[in-house]
Amino acid sequence: MESLKEDLKKHIIEQLNLEDLQVSDIDDDAPLFSADGVGLDSIDALELIVLMEKFYGIQVTNPDEGKEAFLTINTMADYIEKKRI
Amino acid sequence: MSFITAYCQISEVTCSVNGNVVVQKNEQSVDTWFKQLYKELALEYPKFYKMDMLAQAGFLGSEFIKKGYPDLIPSYSDDEIALLFANSESSADTDIRFRDSYQDRKSPSPSLFVYTLPNIVLGELAIRNKFYGENMFAVFPKFAPDFFLQYGNIMLASGAKAVLAGWLGILEGRVEVSVFLIEENNGDGLPFNKENIIQCAGWGDQA
């Protein structure tokens, strides 16, 4: 699970062009879409959906499900693990 | 009479403000040229990294003008500065990258897609500077100084007190960028005419 979270952070930094961020800058429980957290926006949300399919083979089709899954790195990792089973 | 009071030229290897080179590309650096320029500005604006090269070009040109002349732009209210930009490639540089994202990598990129219109650079400048005035992005076969002169004067005649204008030639590594500020009430600069627009662009023989 820790390796998944680290990979997730690396993919997010690269795909979302967060050039000034390192993996160590993103806390597992930091809110991804809050200005107090990572500060992602709506376009980044779309990129996360593309990222899920590209790297994990998961299609996020339910917006409510996506909203819950994309809260933090922890929730994203849990979502990926759940969908993989 | 209006005057060009500040201008910034960016090529593939140099950045100049009012004719003076302020940054030369470091070929040994691992950073891209535009990233080197951004770091030179010493700004805290992470949104820069999400922009495409066209938006970055407009952003960098305007920020170097602001850095060289910090009192110029803030002296105007939010609807008094108009934006007037043009090029001959539209957003082709990003269009190609977006096409590659879905054609080659089978993964269409939303963050590239939002930049597949050339006028998005105007939105980025407006967000950064809180500009709420007129704005226009045009595409021409080649650099068109007459356009800047005529449309710039129209903007100044219809309420703008200043015009931030620029030619943003960006395509697959080619960088031909000039950004200039035209002011109505500031006589300290070059008269706003065709010859001086060409001079500010820096490639007069191609006009």
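Note that the structure is predicted; figures quoted are calculated from it, not measured.

1. A few points about helix 4 (residues 73–84) of chain A
Given 3.6 residues to a turn, an α-helix orients residues that are three or four positions apart in the same direction.
All names here are of chain A.
In step 1: An ideal rise of 1.5 Å per residue puts 16 Å on twelve residues; helix 4 measures up with 16 Å between its terminal C-alpha atoms.
In step 2: Within the span of helix 4, buried status applies to Ile73, Met76, Ala77, Tyr79 and Ile80. Buried residues along helix 4 cover an arc of 160° about the axis, so they all sit on one side. Turned more than 90 degrees away from the buried face of helix 4 sit Glu81 and Lys82, all of them exposed.
In step 3: On its buried face, helix 4 is in contact with helix 1 (2–15), helix 2 (42–56) and helix 3 (63–69).

2. Looking at the interface of chain B and chain A
In step 1: Contact residues are listed per partner, giving eight residues for chain B and ten residues for chain A.
In step 2: Classifying every residue of the side of chain B that touches chain A gives four nonpolar, three polar and one charged.

3. With respect to the nonpolar core
In step 1: Ranked by size, the top nonpolar core spans 55 residues in total, and within it Phe85, Val163 and Phe180 of chain B carry the most contacts.
In step 2: The dominant element in this core, judged by the number of residues it contributes, is helix 2 (residues 53–68) of chain B, at eight residues.
In step 3: What Val163 of chain B contacts, discounting residues up to four positions off in sequence, is Ala82, Leu84, Gly152, Met155, Leu156 and Ile182 of chain B.
In step 4: The next biggest cluster of nonpolar side chains, apart from the first, holds 17 residues, and it includes Leu8, Ile12, Met52 and Ile80 of chain A.

4. Points about the confidence of the model for chain B
Low pLDDT means the predicted atomic positions in that stretch should not be read closely.
In step 1: Of the residues in chain B, 98% have a pLDDT of 70 or more, and the chain-wide mean is 93.
In step 2: Predicted confidence in chain B is weakest over helix 4 (residues 110–113) of chain B, with a mean pLDDT of 92, and strongest over strand 5 (residues 135–139) of chain B, with 98.

5. Focus on the packing of helix 2 of chain B against helix 5 (residues 120–129) of chain B
Residue and element names in this part refer to chain B.
In step 1: In contact at an axis separation of 8 Å, helix 2 and helix 5 are set at 40° when each is read in the N-to-C sense. By the criterion of interaxial angle, the relationship of helix 2 to helix 5 is oblique. Seen along the crossing, helix 2 lies across helix 5 with a hand that is right-handed. Contact residues: Leu54, Ala55, Gly58, Phe59 and Ser62 in helix 2; Ile120, Val121, Glu124, Leu125 and Arg128 in helix 5.
In step 2: Within the contact of helix 2 with helix 5, the residues separate by chemical class into six nonpolar, two polar and two charged.

6. Description of the pairing of strand 2 (residues 14–17) of chain B
Residues and elements named next belong to chain B.
In step 1: Going residue by residue along strand 2, you find Cys15 and Val17 tucked away on one face and Thr14 and Ser16 left uncovered on the opposite face.
In step 2: Two elements, strand 1 (residues 3–10) and strand 2, share three bridges in a ladder whose sense is antiparallel. By the bridge assignment for strand 2, Cys8 is matched with Val17.
In step 3: Counting the residues between successive antiparallel strands, the hairpin from strand 1 to strand 2 contains three residues.

7. A look at the packing of helix 1 (residues 33–41) of chain B against helix 2 of chain B
Residues and elements named next belong to chain B.
In step 1: Where helix 1 meets helix 2, the closest approach of the two axes is 10 Å, and the angle between their N-to-C directions is 30°. When the axis of helix 1 is compared with that of helix 2, the two are roughly parallel. In this structure, helix 1 meets helix 2 at a crossing whose hand is left-handed. Of the residues in helix 2, those in contact with Phe34, Leu37, Tyr38 and Leu41 of helix 1 are Met53, Gln56, Leu60, Glu63 and Lys67.
In step 2: Classifying every residue of the contact of helix 1 with helix 2 by side-chain character gives six nonpolar, one polar and two charged.

8. Quick word on unusual backbone geometry
In step 1: One non-glycine residue with positive phi stands out, namely Asn17 of chain A, at about 55°.
In step 2: Its location among the elements puts Asn17 of chain A in the loop between helix 1 and helix 2.
In step 3: One non-glycine residue with positive phi stands out, namely Glu172 of chain B, at about 45°.
In step 4: Locating Glu172 of chain B in the fold gives a position in the loop between strand 6 (162–171) and strand 7 (174–183).

Conventions used here
- Residues numbered from 1 in each chain as written.
- Chains lettered and ligands numbered in written order.
- Predicted model: local features only at pLDDT ≥ 70, side-chain atom pairs only at ≥ 80, totals over all residues.
- Helix = DSSP H or I, 4+ residues; strand = E, 2+ residues; numbered from the N terminus.
- Expected span 1.5 Å × (residues − 1).
- Buried ≥ 20, exposed ≤ 12 C-beta atoms within 10 Å, placed from the backbone.
- Arc of directions from axis to C-beta.
- Contact = placed C-beta atoms within 7 Å.
- Nonpolar A, V, L, I, M, F, W, Y, C, P; charged D, E, K, R; others polar.
- Core = buried A, V, L, I, M, F, W, Y, C linked by C-beta atoms within 7 Å.
- pLDDT = per-residue confidence, 0-100.
- Axes fitted to C-alpha atoms, helices over the stretch in contact; angles between N-to-C directions.
- Parallel < 35°, antiparallel > 145°, perpendicular 65-115°, else oblique.
- Left-handed = near helix turned anticlockwise from the far one by under 90°.
- Pairing = 2+ DSSP bridges.

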